[in-house]
Structure formats: structure tokens, C-alpha cells
Amino acid sequence: MSDELLERASVTFAHTPVLPQAVIEGLAIKMGGTYLDATLGGGGHSRLILEAADDVRLVGIDQDEMALTAAQQNLREFGDRTSFWHGNFSDYNPGETRFDGILADLGVSSAQFDIPERGFSFRHEAPLDMRMNPQQDITAADLINTWDEAELAHIFYTYGEERLSRKLARRIVEQRPLHTTTELAETIFHSVPPAYRYGRIHPATRVFQALRIAVNRELEVLEQFLTKAPTWLKPRGRIAVISFHSLEDRLVKHALKENPDLRVLTKKPIVATAEEIRQNPRARSAKLRVAEKQETPNHSRQ
């Protein structure tokens, strides 16, 4: 990675973490504790954790090499209190280490949308990429140009909750190959009824969400992570998960509730205050759920 790109990454990934006070309170950060930030990003939440108590140690995970590099730069003042791992959080193996707290902020980093060549956004012309880990093989262009109409309609409906999924899939198959974000967005725009074109969100928004989820296997790896992560906690250790859409939140809610070793601490998800949303619009759809590992495993729960 060039020096110019490293500098750009450090600046771009430095964003305001959502629900900062709720995260720190939810994790109950303690002096000398060991914590895992499973979705490191630029290190915003990690900094809060490291500053919340003395001698806190932290492991940070990210599958995006640019984010990992940015976080290493942004957290370098903490020295050997931090360590980093490049990869998907569902593949992580902590060995013998057990954590006092684990955080996962499932939102796509705003930085990934702000770097046009990553292909997450239709605001700029760019290759249809959408890979959170650029080292993986499958891109959004591969899905759009090789999956059949039924497969595309299925992911648009299931992952994007797009009610025009079949119509859009049919038109995309007719118009392909499509190689750029703007080509796909324009195809969708001209495929929907006029009244649908100028709604609250751009008509391509749900399709782009669905493609991103499919490319990165987001729900599949989230399920795997939610199964493994509680086993990485110390007794009375806490797991805090921030989700940004209903598909994620539903998975998180049920995984925490149904795990016999966890006690859910948030009957309803914690959401941002009006003041936080005013200062950080990204927090508008954030939902935080927290659970604590029981000291004695409870295997009587179904």
C-alpha cells in the first residue's frame, strides 16, 4: 500500500463511533480488562475502550486492510496494549485468550462508501466491487453478470426487502453486462415506476444493500460469529452488538436470547438520542443489544 493511500486511509476511516456512551456502559469496561473489537474500522470504538480504564488491552479485527492500517495509525499511542488481526471475525481464533468484553459494530464504514473505487456507492462511477476484503474473489459485478434472474430476485427481496425484486432482476438480466455502479443504478432507476423514482431513498438503495450483503456473506458470517463469540468471553464478560437493519438485528436478538450461557441485559435495543442523531446522522438506525456470560452455564434453557 502506497504512503499516499496509507495517509488517505488513516484520515478517511477516522469517523465518529455510534452510541459511544452506551457501548462503554454496556461493556462495563474495567481496569486491566481485555477486550475484542471485532469490527475495528478506524478504531473509534477501540479508542473509547482503551481510554475508559487503566491498563486495558485490546485486540482489533478487520477484514479491510485499509481500515486495519488506519486503526493501527490512529491507535499507535497505546503501544503494546493493542494487537491486530486481519480477517473476517467469523474466522478468528483467540486460542487461550478470554475477553472481558466483545464489541461488534455491524455497520458498513462510511469510509467504504466515501472511497469511490470500492464500489459500495452509486454516488460515484466506479467498478461494481463491494468487497469488504479486497483479497476475496467474488465481486458485485460477478453476481450481477452471472447469477440467473431467480437468484438475483431472491437476494434483492431477501437481503434488500425490495418489493420490485422480480421486475428489477428481469431488467438487469436484459441489460447486462453491467460493470459500474452508475450503470447498475441507472438501469434500476429507469426500471421502476415514475412515482418510485423520487421517493425518500434512491430506488437503487435496496439492491445495493442486497448485493453488498451477498458479496460479503454478511448474514452467514454474522451467524457464525454470534455462535462462537460467547465462548470467547470470561464469566460475566459482556458482548455488545450494534446492528443497522432489521435482518441483522433479528439475528442478533435471537442469538443472544437463545444462547443458554448468556443473560440478555437489553430487553429492548438501545438507540441513539435525538441529539446524537443531530451530531452523527449515521446513528439514526443503530440498535445496540448487550448480553452477559453467566458464571455458571445454564443448559436448562431451550
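Residues numbered from 1 in each chain as written. Predicted model: local features only at pLDDT ≥ 70, side-chain atom pairs only at ≥ 80, totals over all residues. Heavy atoms only, no water.

Chemist: Can you help me understand the pairing of strand β5 (residues 233–243) in this one?
Modeler: Looking down a regular strand, the side chains alternate between one sheet face and the other. Most of β5 is tucked away: eight of the 11 residues are buried. In terms of strand pairing, strand β4 (residues 99–105) meets β5 through six bridges, oriented parallel. Pairing of D105 across the sheet is with I242, part of β5. For β5 and strand β7 (residues 287–293), the ladder comprises six bridges, and the chain directions are antiparallel. Paired with V241 across the strands is R289, a residue of β7. (Buried < 20%, exposed > 50% of the residue type's maximum accessible area, 1.4 Å probe, protein only. Helix = DSSP H or I, 4+ residues; strand = E, 2+ residues; numbered from the N terminus. Pairing = 2+ DSSP bridges.)

Chemist: Before we go on, may I ask you to explain the pairing of strand β3 (residues 82–86) in this structure?
Modeler: Bridge count between strand β2 (residues 57–62) and β3: five bridges; the pairing is parallel. Considered in β3, the bridge of I61 is made with W85.

Chemist: Looking at this structure, how should I read the sheet that holds β4?
Modeler: Two strands in a sheet stick together by hydrogen bonds in their backbones, pointing the same way (parallel) or opposite ways (antiparallel). One open sheet holds the seven strands; their spatial order is β3-β2-β1-β4-β5-β7-β6, and the pairing between them is mixed. Both outer strands of the open sheet, β3 and β6 (262–264), are each paired with one neighbouring strand and no more. Between one strand axis and the next, the sheet turns by 20° as a mean value, whatever way the strands run. (Axes fitted to C-alpha atoms, helices over the stretch in contact; angles between N-to-C directions.)

Chemist: Help me understand the environment of N88, please; the structure alone is not making it clear to me.
Modeler: Residue placement: N88 occurs in the loop between β3 and β4. For N88 and Q209, which are 121 residues apart along the polypeptide, the C-alpha to C-alpha distance reads 19 Å. Not counting residues within four places of it along the chain, the set of residues in contact with N88 comprises Q63 and V221. Polar contacts involving the side chain of N88 include one to the side chain of Q63, which spans 3.3 Å. A polar contact of 2.8 Å, which involves the side chain of N88, links it to the side chain of S90. (Contact = heavy atoms within 4.5 Å. Polar contact = N/O pair within 3.5 Å; in protein donor to acceptor, adjacent residues only side chain to side chain.)

Chemist: I keep staring at helix α11 (residues 205–216) and nothing clicks. Help me out?
Modeler: Count 3.6 residues to each turn of an α-helix, and residues three or four apart come out pointing the same way. An ideal rise of 1.5 Å per residue puts 16 Å on 12 residues; α11 measures up with 17 Å between its terminal C-alpha atoms. In terms of burial, α11 is a largely internal element, nine of the 12 residues being buried. In this structure, the buried residues of α11 make contact with α6 (140–146), α7 (149–160), α8 (165–175), α9 (181–189), α12 (218–228) and α13 (246–258). Looking at the residues trailing α11, positive phi occurs at R217, about 50°. (Expected span 1.5 Å × (residues − 1).)

Chemist: I keep staring at the nonpolar core and nothing clicks. Help me out?
Modeler: The nonpolar side chains of a soluble globular protein tend to be buried with one another. Grouped together as the largest cluster of nonpolar side chains are 30 residues, with contacts concentrated most on I144, F156, I172, L184 and L211. Those elements that place two or more of their residues in this core are α6, α7, α8, α9 and α11. If you tally residues by element for this core, the top one is α11, at six residues. When near neighbours in sequence (up to four residues on either side) are disregarded, I144 contacts L128, L152, F156, I172, R176, L178, L184 and L211. (Core = buried A, V, L, I, M, F, W, Y, C linked by side-chain atoms within 4.5 Å.)

Chemist: When you look at unusual backbone geometry in this model, what are you seeing that I'm missing?
Modeler: With an omega of 15°, the peptide bond running from R176 to P177 counts as cis. Within the secondary structure layout, P177 lies in the loop between α8 and α9. Even without being a glycine, A28 presents a positive backbone phi close to 50°. Relative to the assigned elements, A28 resides in the loop between α2 (20–27) and β1 (34–37). A positive phi angle, close to 70°, is found at R236, a residue other than glycine. Looking at where R236 falls in the secondary structure, it is placed in strand β5. Take R236: its relative accessible area is 53%, and that puts it in the exposed class.

Function-wise, these values are silent; they only describe arrangement.
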